[in-house]
Amino acid sequence: MTDAPHIVLASGGTGGHMMPAEAVADKLAAAGYDVTLLTDRRGAAIVNVFQDTNRVVLETSSHMGGGLLQTLKSLFSVMRSTLAVRKSFKQRKPAVVVGFGGYPSLPAVLAARSMGIPYILHEQNAVLGRVNRWMAKQSRLVALSVEHTSLVPDNVTTLVTGNPVRTTIGDVANIAYAVPMGGGDIRVFIMGGSQGARILSDVVPAALASLDTIYRARLDVTHQARPEDVDRVISAYEDAGIRADVQSYFDNVAGHLLKTQLVISRAGASTLAELTAMGRPAILVPLAIAADNHQLANASIVEDAGGGWVIPEQDFTPERLAQLLEKLFEDMGDLRNASDQIRLLARLDAADALAAEVKNIGGLLENAA
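Draft legend 1. Spatial organisation of the overall build of the protein chain. Along its length, the protein chain carries 15 helices and 13 strands. Taking 2.2 N^0.38 as the reference for a compact globule, 369 residues should give roughly 21 Å; the C-alpha atoms of the protein chain span a radius of gyration of 21 Å, in line with that estimate. C-alpha extents for the protein chain along the principal axes are approximately 65 × 45 × 40 Å. Contacts in the protein chain between residues far apart in sequence, at least 24 positions, make up 66% of those at least 6 positions apart.

Dropping the structure here:
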């Protein structure tokens, strides 16, 4: 057991929660602190994150979308996990706990609150999530990703730190955007989030296939699809004569974004943080069933800044998408301008800012190394 101060990061099991948590973990570990991640099975299954960090996998489930029986099961799982976390905290008390939202973060934050351990919450979205709303009142700080985040309870201490991005993204964030010129390639990246997105696989290949031959010949597509959709998406691009790399997961997202000129994606907070950091314009399709419609709130910030275009899910058809793409490809200046505007939203120091608050609130201002 190390003598370095112990910091616990608790994260929901999606990429949107895990990626900022990993970015902060990297900063804290580099400063010599002992970091532990608490998450659920989904979080533990995400590859290439927290590889060098101690993980504790909790059996915590969400009651969302279930009936009374599922709600009771979820409450029981939270209670059981909270007791397990309390036991571990008694064995080794953390200096501070940081909750990144999602139900798997709840037991750690509940345990911290019951034991008088200071805790911080980080919100990735433009709408404060349910778990963070429940736990905000007694937190030392709620760190926000954007100004004017909605549904923040009154009398809560907040600070806009931004949404931390992975080190691999931050390292290439300042590389200039390359505008498609002349008859050169038009590189499009379809990002479905950590779990893929079926609607993107349904609509995007059909829209691209309907474009004029002059554009289809220039397209160089990278498409993340659900595993069950990969084969049909490959076939759709092959039938249209479009060059495409279709996979269910891409390890080097930063590398793909670096060469990409247009992204088509959902509007998850971590995806948008990466796009703003790298200045990549995007067509955004917010998830209609997202809690409190937070993806629309996220996407609206980008569109209002001139960094992208929002198409609501109900309007996201091959015809509507193709119409927008034709317009963008006719005048590449719109893509260049959107790149400049979306980059203005970036907060490249977000991981450092949040790590500094963690050290401050935990009384760990001196380097632990």
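Moving on from the coordinates now.
Draft legend 2. View of the environment of Asp-202. On the secondary structure map, Asp-202 appears in helix α7 (residues 198-209). Taking the C-alpha atoms as reference points, Asp-202 and Ala-236, separated by 34 residues in sequence, lie 9.8 Å from one another.

Draft legend 3. The arrangement of the sheet that holds strand β1 (residues 6-10) in detail. Read from one edge to the other, the open sheet built from 7 strands follows the order β3-β2-β1-β4-β5-β6-β7, with strand pairing classed as parallel. A strand with exactly one partner marks an edge of an open sheet, and here the two such strands are β3 (54-57) and β7 (158-160). In this sheet, adjacent strand axes meet at a mean angle of 20° when their direction is disregarded. The sheet contact formed by β1 and strand β2 (residues 34-39) spans 5 bridges and is parallel. Paired with Ala-10 across the strands is Leu-38, a residue of β2. Helix-sheet contacts for helix α4 (residues 106-114) involve β1, β2, β4 (96-99) and β5 (119-123), and the interaxial angle to β5 is about 150°. Sitting on the sheet, helix α15 (residues 350-361) touches β1, β4, β5, β6 (141-144) and β7, and the angle it makes with β5 is about 165°.

Draft legend 4. Just the pairing of β2, in detail. Burial analysis of β2 places 6 of its 6 residues in the buried class, which makes it a mostly covered element. Every second residue of β2 is oriented toward a common face, with Asp-34, Thr-36 and Leu-38 on one face and Val-35, Leu-37 and Thr-39 on the other, all of them buried. Handedness of the crossover joining β1 and β2 through helix α1 (residues 15-30) is recorded here as right-handed. The pairing of β2 with β3 spans 4 bridges and is parallel. Looking at β3, one finds that Leu-37 is bridged to Arg-55.

Draft legend 5. Quick peek at the packing of α7 against helix α13 (residues 318-330). At a minimum axis separation of 8 Å, α7 and α13 run at an interaxial angle of 55°. Between α7 and α13, the crossing angle belongs to the class labelled oblique. α13 is crossed by α7, and the crossing has right-handed handedness. For the pair α7 and α13, contact is made by Val-203, Val-204, Ala-206, Ala-207 and Leu-208 and by Pro-318, Leu-321, Ala-322 and Leu-325, respectively. In the contact of α7 with α13, the residues fall into 9 nonpolar, no polar and no charged.

Draft legend 6. The arrangement of the pattern of salt bridges in detail. Scanning the entire structure with this criterion turns up 14 salt bridges. The residue Arg-198 makes a salt bridge to Glu-228 at a minimum N-O spacing of 3.1 Å. Here Arg-198, found in helix α7, pairs with Glu-228, found in the loop between β9 (219-224) and α9 (230-240); they are 30 residues apart in sequence, far enough to count as distant. The partly exposed category is assigned to Arg-198, whose relative accessible area is 41%. Taken together, the salt bridges that share partners define one network made up of Arg-198, Asp-202, Glu-228, Asp-229 and Arg-232.

Draft legend 7. Spatial organisation of helix α14 (residues 333-343). All of the buried residues along α14 are Gly-333, Leu-335, Ala-338, Ser-339 and Ile-342. Tucked inside the fold, the buried residues of α14 contact β11 (262-265), α11 (269-278), α12 (294-304), β13 (308-310) and α13.

Draft legend 8. How the structure looks around α11. The buried count for α11 comes to 10 of 10 residues, which makes it a mostly enclosed element. Taken residue by residue, α11 has Ala-269, Ser-270, Thr-271, Leu-272, Ala-273, Glu-274, Leu-275, Thr-276, Ala-277 and Met-278 as its buried positions. Downstream of α11 by one or two residues, Gly-279 has phi in the positive range, about 65°.

Draft legend 9. Region of interest: the packing of aromatic side chains. Enumeration according to the criterion identifies 3 aromatic pairs in this entry. Pairing Phe-189 with Phe-250 gives two aromatic rings, centres 5.9 Å apart and planes at 90°, and the pair type is edge-to-face. With Phe-189 in strand β8 (residues 186-191) and Phe-250 in the loop between β10 (243-247) and α10 (253-259), the pair connects residues that are 61 residues apart, well separated along the chain. Accessibility classification places Phe-189 together with Phe-250 in one group, the buried group.

Draft legend 10. Representation of the nonpolar core in the model. Ranked by internal contacts, the top residues of the largest apolar core, which has 37 residues, are Phe-316, Leu-321 and Phe-329. Excluding anything up to four places from it in sequence, Phe-316 contacts Ile-199, Leu-200, Val-203, Val-204, Ile-264, Val-285, Ile-311 and Leu-321. Judged by nonpolar contacts, the second largest core, of 26 residues, contains Met-19, Val-24, Leu-37 and Phe-100.

Draft legend 11. Geometry of the sheet that holds β10. Taken together, 6 strands build an open sheet; the order of strands is β10-β9-β8-β11-β12-β13 and the sheet is parallel. Every interior strand has two partners, whereas the edge strands, β10 and β13, have only one. In this sheet, adjacent strand axes meet at a mean angle of 15° when their direction is disregarded. Bridge count between β11 and strand β12 (residues 282-284): 3 bridges; the pairing is parallel. Opposite Val-263, over in β12, you have Ala-282 as the bridge partner.

Conventions used here
Throughout this document, residue positions are counted from 1 along each chain, in the order its sequence is written. The predicted nature of this model means local features are confined to residues of pLDDT at least 70 and side-chain atom pairs, given and counted, to a pLDDT of 80 or more, with totals for whole chains, interfaces and linings taken over all residues. Only hydrogens and water are set aside when side-chain values are computed; all heavy atoms of the structure are taken into account. Strands are runs of DSSP state E lasting at least 2 residues, helices are runs of H or I lasting at least 4, and numbering of each runs from the N terminus. Each radius of gyration reported is based on C-alpha atoms, and the globular scaling rule is 2.2 Å times the count of residues to the power 0.38. Contact between two residues is taken to exist if any of their heavy atoms lie within 4.5 Å; hydrogens are not considered. When DSSP locates at least two bridges between a pair of strands, those strands are taken to pair. Angular values range over 0 to 180 degrees, each being the angle between N-to-C directions of two axes fitted as lines to C-alpha atoms, with helices fitted over their stretch in contact. Exposure is judged per residue with a 1.4 Å probe applied to protein chains only, and the accessible area is read against the type maximum: over 50% gives exposed, under 20% gives buried, and values in between give partly exposed. Here, the term right-handed applies to a crossover whose path from the first strand over the helix to the second runs clockwise when the strands point away from the viewer. For classification purposes, angles smaller than 35 degrees are called roughly parallel, those larger than 145 roughly antiparallel, those between 65 and 115 roughly perpendicular, and all remaining angles oblique. Each crossing gets its hand from how the near helix is turned against the far one by less than a right angle, where anticlockwise is left-handed and clockwise is right-handed. Under this grouping Gly is polar, as are all residues other than the nonpolar Ala, Val, Leu, Ile, Met, Phe, Trp, Tyr, Cys and Pro and the charged Asp, Glu, Lys and Arg. Salt bridge criterion: a side-chain nitrogen from Lys or Arg within 4 Å of a carboxyl oxygen from Asp or Glu. Pairs were defined over the aromatic rings of Phe, Tyr and Trp, the Trp ring being its six-membered one, requiring ring centres within 6.5 Å. Orientation was assigned from the angle between planes: stacked under 30 degrees, edge-to-face over 60, tilted for the rest. By nonpolar core is meant a set of buried Ala, Val, Leu, Ile, Met, Phe, Trp, Tyr and Cys residues that side-chain atoms within 4.5 Å join together.

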